[in-house]
Amino acid sequence: MVNECLYFGTSRPDGTVSDEQWTRFLAETVTPRFPDGLTHWRASGQWRSEAGIILEDSYVLNILREDTEITDSRIAEVTATYKKLFDQESVLRVSEKSCVTF
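Student: I tried to follow the packing of aromatic side chains on my own but got confused; where do I start?
Tutor: For any two aromatic rings, the description comes down to two numbers: the centre-to-centre distance and the angle of the planes. Scanning the entire structure with this criterion turns up 9 aromatic pairs. Aromatic pair F8 and Y82: ring centres 4.6 Å apart, planes at 65°, arrangement edge-to-face. Taken together, the residues span a long stretch of sequence, with F8 in strand β1 (residues 2–9) and Y82 in helix α2 (residues 69–85) at a distance of 74 residues. Here Y82 falls in the buried class, since its relative accessible area comes to 0%. Grouped by ring-pair contacts, the aromatic residues F8, W22, F25, Y59, Y82 and F86 constitute a single cluster.

The structure is reproduced here in structure tokens:
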């Protein structure tokens, strides 16, 4: 399995991504691609820009997926959709091979 951890910033040029918008994004974009399950939570983070350190609230999404090209492309679709919908420059993606038991 692959353990995917995605970090979605919430700052937008016209405000922030609301909890309702995040919930809708999960329901319409993420869940159809990964119906077997996922975990998400709110987080606070920071990153460095040319202007200095930027503090930003975010959402973290954790998905355990099969190690296939299909599921990899689904993760790419999720991140591309979020960037387009919410005017984001990037979504941080951390992928690790994992041994998983249930």
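Student: What's the story with the side chain of S58 in this structure? I'm lost.
Tutor: Here S58 lies in strand β5 (residues 52–65). S58 sits in the buried class, given a relative accessible area of 10%. Leaving out residues up to four positions away in the same chain, S58 has contacts with F8, G9, T10, W41, R42 and A43.

Student: Please explain α2 as it appears in this structure.
Tutor: Side chains that are three or four residues apart share a direction in an α-helix, a result of its 3.6 residues per turn. With 17 residues, α2 should cover 24 Å at 1.5 Å per step; its first-to-last C-alpha distance of 24 Å lies within 8% of that length. Elements in contact with the buried residues of α2: β1, α1 (19–33), β5 and β6 (92–97). A positive phi of about 50° marks D87, the residue just after α2.

Cut-off values and rules
- Residues numbered from 1 in each chain as written.
- Predicted model: local features only at pLDDT ≥ 70, side-chain atom pairs only at ≥ 80, totals over all residues.
- Heavy atoms only, no water.
- Phe/Tyr/Trp six-rings, centres within 6.5 Å; stacked < 30°, edge-to-face > 60°.
- Helix = DSSP H or I, 4+ residues; strand = E, 2+ residues; numbered from the N terminus.
- Buried < 20%, exposed > 50% of the residue type's maximum accessible area, 1.4 Å probe, protein only.
- Contact = heavy atoms within 4.5 Å.
- Expected span 1.5 Å × (residues − 1).

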